[in-house]
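Each chain is listed here by its residues.
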Amino acid sequence: MIPALRSLASGVGSRDRRGARLSRRLLLGGAALFLLAAAAVEASDPGCLTAECHGDLGKARHLHGPVGAGECLPCHQQGKGRHPQGGAEMKLVAEGDALCLMCHADPRAGREKAHSALALGCTGCHDPHGGAFPGMLSASGSQLCRDCHANPADEFPVAHRPVKAGSCTLCHRPHAGYGEAVLIAPMTELCSRCHSGKTRDRKHLHGPVKDGDCTACHGAHGGKEKGLLPARGAQLCAECHESKQTAAVQHTPVREGDCGGCHDAHGSNAPFLLPAPGNELCYSCHGDKESLRAMKNVHPIVTQGCVQCHDPHGGATAAMLPAQGDALCVSCHEAVGRQAAEAQSHHAAIPDAGCAACHDPHGTGNHRLFPTPGAQVCYECHADMAQTVAQAAFQHGPVEAGECWICHNPHGSPYAPLLKGYYPEEFYTEFELGNYDLCFACHDRQAFIYDRTADLTGFRNGDANLHYLHVNRPVKSRVCKSCHGVHGADQPKLIKSRIPGFGAWEIPIRFEQHDTGATCFVGCHKPKTYDRVKPVRY
């Protein structure tokens, strides 16, 4: 008796009657199992894998588990009689994949698509007894795949690294997977397993990337160009986007077909997939304009973005501008354009050199985008006026501030020379308020229309208004320049020592100022003294 069965029988006497009955059942069941096992051994005895029968099946390097254990019956069963003496045939216990699935889990379970080779059955790729390679395959890795599939590495100048290495299963499942290509994971997840970080924390994604369609641009197995791309640069982009290489003047990266010079093909935190927002991207190449970032008094449109004037891809004229010179400027500065076109008094610089004669289109840090500070921009052309002002001991307020444009409109005016208001050219003129529009833009006109005042002007004898006396006369009313230099003079109150106006003779004036008045020694009348506190009687 087998030791296990003997031990089982020895325990019967030590139990009660009910336990004895249970022990007898176990004893009989164990004996039955033993007899079945003995019958199986006898059926395969002296063994299937012998030199006389199926010995070649056991010589493969990688054997199917039952074959390696010498157990043929898990898959084969014999008919009536004995095999092979009785001529009984050995049949499979099940047909096709059903046999394999008796032991192996269905590899298609939970997968979207099955490998088309599964239609041939498991034995289409696996030898049921053994093979030269793991998995009882007849070839290793991609070599087996190439029995049915062409080698994709031969189709492209640039092959995907796994393809080049023959590692098909790095991306594809051999039985079933995701999509038509039976991938090991959905495409976006699959690509990111190796190519991580391309879009991490990016706010703006390229359309195909957002849709998870990496193969919209990249070949899964290879491509003609670096990056597994079917075309290079702009040629690839033009397959989806309208070509930007049509403008008369093209941005250098556009002309070179280098869309990636300004756009990230996968994603960015800036709109339009730019690697940096707005002007910062422009400054990365145009370093000569980088000072505009912190500069004061820049062209306001610069702060809105370089693309307000420059098309980033190309334009009709130089520097990718939609129009050239003044035409571009007046497209925004319409009022200035009309003013210059309709002016009776024209600034010579405008027809000669245009807006750029005085203004830098980006900025210089100076007021009004001038290339030099204040009035210096005017003096570069008006050198004679620069000398006059420099020699003047006393300067008119706007001149001293370097703001010529307080009185002159540099774009054009109805009044010569570019004056913002009417100013009489004559030495004498009838007094009318309109004749002094230019002066009254800053000075109080009340000081010239009342014959007596206590505070409107300091030019008075007691309360007698001496401005009124000179300007508001029935005949020969003097104009401002009869005494004053409009830009500057060598005496206080802008009173000039020589006044032109009478041919070759220049009227002399000597002005001696006192605490409460002054004395004028002038060539057109006797010396006159005025005093605001103690009026002089004449």
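Treat the numbers as computed from the prediction; the structure is a model and nothing was measured.

*Asks:* Is there a simple way to explain the environment of Ser413 in this structure?
*Replies:* With respect to the helices and strands, Ser413 occurs in the loop between helix H18 (397-400) and helix H19 (437-440). We classify Ser413 as buried; its relative accessible area is 4%. Along the primary structure Ser413 and Glu426 are separated by 13 residues, whereas in three dimensions their C-alpha atoms are 19 Å apart. In contact with Ser413, not counting residues within four places along its chain, are Ala343, Gln344, Ser345, Leu418, Leu419 and Lys420. At 3.0 Å, the side chain of Ser413 and the backbone nitrogen of Tyr415 are in polar contact.

*Asks:* For this particular structure, what's the right way to read the layout of surface pockets?
*Replies:* Summary: where empty space remains is shown by rolling a probe the size of a single water molecule over the atoms. When its volume is computed, the second largest pocket comes out at roughly 500 Å³. Lining the second largest pocket are 23 residues, with Gly485, Val486, Gly488, Lys496 and Pro500 positioned closest to its centre. Elements that contribute at least two residues to the lining of the second largest pocket include exactly helix H17 (383-391), strand S16 (488-489) and strand S17 (498-502). Broken down by element, the residue count for the lining of the second largest pocket peaks at 4 residues, all from S17. Of the residues assigned to the lining of the second largest pocket, the class counts are 8 nonpolar, 8 polar and 7 charged.

*Asks:* Explain the side chain of Asn151 here, please?
*Replies:* Mapped onto the elements of the fold, Asn151 is located in the loop between helix H5 (141-145) and strand S6 (158-159). Separated by 3.4 Å, the side chains of Asn151 and Arg146 make a polar contact. One polar contact links the side chain of Asn151 to the main-chain amide nitrogen of Ala153, over a distance of 3.1 Å.

*Asks:* Would you mind showing me how to read the sheet that holds strand S18 (residues 505-513) here?
*Replies:* Read from one edge of the open sheet, 4 strands run S17-S18-S19-S20, paired in antiparallel fashion. Each end of this open sheet is capped by a strand with a single partner; those strands are S17 and strand S20 (525-531). Strand-to-strand twist of the sheet, defined as the mean angle between neighbouring strand axes without regard to direction, takes the value 20 degrees. As judged from the 3 bridges shared by S17 and S18, these two strands associate in the antiparallel manner.

*Asks:* I'm lost on the pairing of strand S19 (residues 517-522) in this one. Help?
*Replies:* Taken residue by residue, a regular strand's side chains alternate between the two faces of the sheet. Among the 6 residues in S19, 5 count as buried, and that is most of the element. Of the pairings in the sheet, the one linking S18 to S19 comprises 5 bridges and is antiparallel in character. What sits directly across from Phe511, in S19, is Cys520. Hairpin remark: S18 followed by S19, antiparallel, with 3 residues in the connecting loop. With 5 bridges joining them, S19 and S20 adopt antiparallel strand pairing. Looking at S20, one finds that Cys520 is bridged to Lys528. Connecting S19 to the antiparallel partner S20 that follows it, the hairpin turn spans 2 residues.

*Asks:* Just checking my understanding: could you explain the environment of Met385 for this structure?
*Replies:* One can find Met385 in helix H17. Here the alpha-carbon distance between Met385 and His487, two residues 102 residues apart in the chain, equals 8.6 Å.

*Asks:* Would you mind going over unusual backbone geometry with me for this structure?
*Replies:* Phi is mostly negative for residues that are not glycine, and the peptide bonds are mostly trans. Omega for the bond connecting Ala416 with Pro417 falls within 30 degrees of zero, at -10 degrees, which places this linkage in the cis form. Of note, Pro417 is situated in the loop between H18 and H19. Backbone geometry places Met136, a non-glycine residue, at a positive phi of 55 degrees. Among the secondary structure elements, Met136 is positioned in the loop between strand S5 (130-131) and H5. Not every positive phi belongs to a glycine, and Lys493 is a case in point at roughly 60 degrees. By the secondary structure assignment, Lys493 is in the loop between S16 and S17.

*Asks:* Would you take a moment to explain the pattern of salt bridges for this structure?
*Replies:* For side chains bearing opposite charge, pairing can occur when the charged atoms are close. Under the counting rule described, the total for this entry stands at 9 salt bridges. Linking Glu290 and Arg293 is a salt bridge whose minimum nitrogen-to-oxygen distance equals 3.2 Å. For Asp463, the salt bridge goes to Arg452, with nearest N and O atoms at 2.5 Å. Taken together, the residues span a long stretch of sequence, with Asp463 in the loop between strand S14 (460-461) and strand S15 (464-465) and Arg452 in the loop between H19 and S14 at a distance of 11 residues.

*Asks:* What am I meant to see in the nonpolar core here?
*Replies:* Considering soluble globular proteins, one finds that nonpolar side chains tend to be buried as a cluster. Among the nonpolar cores identified, the biggest contains 12 residues, and these are Phe427, Phe459, Leu466, Ile495, Ile499, Ile507, Ile509, Phe511, Ala518, Cys520, Val522 and Tyr530. Listing elements by their share of this core, those giving two or more residues are S18 and S19. In this structure Cys520 touches Arg510, Phe511, Lys526, Pro527 and Lys528, once residues within four positions along its chain are discounted. Counting residues in each nonpolar core, the second largest holds 7 residues, with Phe431, Ala447, Phe448 and Val471 among its members.

*Asks:* I would appreciate a short explanation of the packing of aromatic side chains in the present structure.
*Replies:* In this description, an aromatic ring pair is defined by two values, namely the gap between the centres and the angle between the planes. With the rule as written, the count across this model stands at 7 aromatic pairs. Relative to Tyr422, the ring of Tyr415 has its centre 6.1 Å away and its plane inclined at 75 degrees; by these criteria the two rings are edge-to-face. The exposure class of Tyr422 is partly exposed, given its relative accessible area of 30%. Within the aromatic cluster, the residues linked to one another by ring pairs are Phe431, Tyr436, Phe440 and Phe448. Above the face of the Phe521 ring, Arg510 is positioned so that its terminal group lies 3.9 Å from the ring centre. Over the face of the ring belonging to Tyr538 we find Lys528, whose NZ or CZ atom lies 4.6 Å from the ring centre.

Cut-offs and rules
Residue numbers run consecutively from 1 along every chain, following the written order of its sequence. In keeping with the model being predicted, local features are shown solely for residues with a pLDDT of at least 70 and side-chain atom pairs are shown and tallied solely at 80 or more, while totals for entire chains, interfaces and linings include all residues. In computing side-chain properties, one takes all heavy atoms of the structure into account and sets aside hydrogens as well as water. Numbering of helices and strands starts at the N terminus; helices are DSSP runs of H or I of at least 4 residues and strands are runs of E of at least 2. Relative accessibility under 20% of the residue-type maximum defines a buried residue, over 50% an exposed one, and the middle range a partly exposed one, all with a 1.4 Å probe and only protein chains included. A contact between two residues is defined here by any heavy atoms of the two lying within 4.5 Å. Distance and chemistry together define a polar contact, namely a pair of N or O atoms within 3.5 Å, with one atom able to donate a hydrogen and the other to accept it when in protein, and with adjacent residues in sequence counting only for side-chain atoms on both sides. Cavity: a set of points on a 1 Å grid over the protein atoms alone where a 1.4 Å probe fits but cannot get out. Pocket: an open set with protein on both sides within 12 Å along at least five of seven lines, its lining residues, like those of a cavity, having an atom within 4 Å of a point. Grid points are joined across faces, edges and corners, and a volume is the space filled by probe spheres set on the points. Three residue categories are used. Nonpolar comprises Ala, Val, Leu, Ile, Met, Phe, Trp, Tyr, Cys and Pro, charged comprises Asp, Glu, Lys and Arg, and polar comprises the others, including Gly. In this description, strands pair whenever DSSP reports at least two bridges between them. Under this scheme, a helix contributes an axis fitted over its contacting stretch, all axes are lines through C-alpha atoms, and angles between N-to-C directions fall in the 0 to 180 degree range. Whenever a carboxyl oxygen of Asp or Glu lies within 4 Å of a side-chain nitrogen of Lys or Arg, that contact is scored as a salt bridge. Residues belong to one nonpolar core when they are buried, are Ala, Val, Leu, Ile, Met, Phe, Trp, Tyr or Cys, and are joined through side-chain atoms within 4.5 Å. Stacked, tilted and edge-to-face pairs are distinguished by plane angle, under 30 degrees for stacked and over 60 for edge-to-face with tilted covering the rest, among Phe, Tyr and Trp rings (Trp via its six-membered ring) whose centres lie within 6.5 Å. We call a charge positioned above a ring when the Lys NZ or Arg CZ atom is no farther than 6 Å from the ring centre and deviates by at most 35 degrees from the ring normal.

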